[in-house]
Amino acid sequence: AAAISGLYRQLFALKAETYPESEEVLAVFEEGLSPVQLRQFATLLYEEGKGSVAGVFSEDENGAFQYALGSSRFDMRGLSRGMNQRLNGRGGGSSLMAQGTFRAGREEIEAAFFEEARRYPNK
């Protein structure tokens, strides 16, 4: 398990390098990630300045999307609440990271993420 976890960390680091540094909101959709992996990838993306808010989303076997929202500059609790209300979601977290599940499609998630992320001011 430790070897697989290490390989995922390497994979996330390589994937993160493909994104430019940005002050914009970043949404990334990946297949087959666990909640821990979603959190690891979102943390890596925002810590490396790939987005002011990094959202990582992965569809599960039931057609729902697991999510992790992370930012060092914005409060993720409010963003998570707003998205959960719009997308029939569940979840929560801290000011740095929120996680949960949405029962919505990818296009709906992307639209809500970009709209809601712009509503939350700096911490």
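Rules and cut-offs
- Chains are numbered independently. Their residues run from 1 in the order of the written sequence.
- Per-residue local features of the predicted model are confined to residues with pLDDT of at least 70, and side-chain atom pairs are confined, for both listing and counting, to 80 or more; whole-chain, interface and lining totals are unaffected and use all residues.
- The side-chain values count all of the structure's non-hydrogen atoms but skip hydrogen atoms and water molecules.
- Pairing of aromatic rings covers Phe, Tyr and the six-membered ring of Trp, with a centre-to-centre limit of 6.5 Å; geometry is then stacked below 30 degrees between planes, edge-to-face above 60, and tilted otherwise.
- A helix here means a DSSP run of H or I that spans at least four residues, while a strand means a run of E at least two residues long, and both kinds are numbered starting from the N terminus.
- Relative accessibility decides the category of a residue: with a 1.4 Å probe and only protein chains considered, values under 20% of the type maximum give buried, values over 50% give exposed, and everything between is partly exposed.
- Here, over-ring charges are defined by two tests on the NZ atom of lysine or the CZ atom of arginine: distance to the ring centre within 6 Å, and angle to the ring normal within 35 degrees.
- Take the buried residues of types Ala, Val, Leu, Ile, Met, Phe, Trp, Tyr and Cys, join any two whose side-chain atoms come within 4.5 Å, and each joined set is a nonpolar core.
- The contact rule is simple, with two residues in contact once any of their heavy atoms fall within 4.5 Å.
- Look down the strands so they point away from you; if going from the first strand over the helix to the second traces a clockwise path, that crossover is right-handed.
- When DSSP finds at least two bridges between two strands, those strands are taken to pair.
- Every case where a carboxyl oxygen of Asp or Glu lies within 4 Å of a side-chain nitrogen of Lys or Arg is listed as a salt bridge.
- Polar contact is the term for a pair of N or O atoms within 3.5 Å; when the atoms are in protein, one must be able to donate a hydrogen and the other to accept it, and sequence-neighboring residues count only if both atoms are side-chain atoms.

## Quick look at the packing of aromatic side chains
Under the counting rule described, the total for this entry stands at 8 aromatic pairs. An angle of 45 degrees between the planes, with centres 5.7 Å apart, marks the rings of tyrosine 8 and phenylalanine 12 as tilted. Highlighted residues: tyrosine 8 and phenylalanine 12, both in helix α1 (residues 2-17), separated by 4 residues, approximately one helical turn. Since its relative accessible area comes to 2%, phenylalanine 12 is described here as buried. Centre to centre, the rings of phenylalanine 29 and phenylalanine 57 are 4.9 Å apart; their planes meet at 25 degrees, and the pair counts as stacked. With phenylalanine 29 in strand β1 (residues 25-29) and phenylalanine 57 in strand β2 (residues 53-59), this pair connects stretches of sequence that are 28 residues apart. Of the aromatic side chains, those joined through ring pairs into one cluster are Phe29, Phe57, Phe65, Tyr67, Phe102, Phe113 and Phe114. The lysine or arginine in question, arginine 106, covers the ring of phenylalanine 29, its NZ or CZ lying 4.1 Å from the ring centre.

## Quick look at the nonpolar core
Ranked by internal contacts, the top residues of the largest apolar core, which has 20 residues, are Phe57, Leu69, Leu79, Met83, Ile109 and Phe113. Looking at this core, the elements that each hand over two or more residues are β1, β2, β3 (65-70), α3 (76-86), β5 (97-102) and α4 (106-117). Considering every element that reaches this core, the biggest residue donor is α4, with 4 residues. The contact partners of leucine 69, leaving out residues within four places of it in the chain, are Ala54, Gly55, Phe57, Met76, Leu79, Ser80, Met83, Leu96, Met97, Ala98 and Phe113. Residues Leu26, Leu38, Ala42 and Ala68 belong to the second largest nonpolar core, which totals 15 residues.

## Comments concerning the pairing of β2
Residues in a regular strand point their side chains to alternate faces of the sheet. Along β2, 6 of the 7 residues are buried, which leaves the element largely enclosed by surrounding structure. Taking the sense of rotation as the criterion, the β-α-β connection linking β1, helix α2 (residues 35-47) and β2 turns out right-handed. Note: β2 against β3, 6 bridges, orientation antiparallel. Following the sheet pairing, serine 58 is matched in β3 by glutamine 66. Hairpin geometry of β2 and β3 is characterised by an intervening segment of 5 residues between the two adjacent antiparallel strands and by a positive phi of about 85 degrees at glycine 63.

## Focus on the pattern of salt bridges
If you walk through the whole model with that rule in mind, you get 7 salt bridges. A salt bridge links lysine 15 to glutamate 30; its shortest N-O distance comes to 3.1 Å. Of this pair, lysine 15 sits in helix α1 while glutamate 30 sits in the loop between β1 and α2, and the two are 15 residues apart along the sequence. Residue glutamate 30 is classed as buried on the basis of its relative accessible area, which comes to 17%.

## Digging into the environment of glutamine 66
When you line up the elements, glutamine 66 lands in strand β3. Excluding its chain neighbours within four sequence positions, the residues that come into contact with glutamine 66 are Pro35, Leu38, Val56, Phe57, Ser58, Asp60, Gly100 and Thr101. Of the polar contacts made by the side chain of glutamine 66, one reaches the side chain of aspartate 60; its length is 3.3 Å. Of note is the side chain of glutamine 66, whose polar atom sits 3.3 Å from the side chain of threonine 101.

Take it as geometry only, folks, not as evidence of what the structure does.
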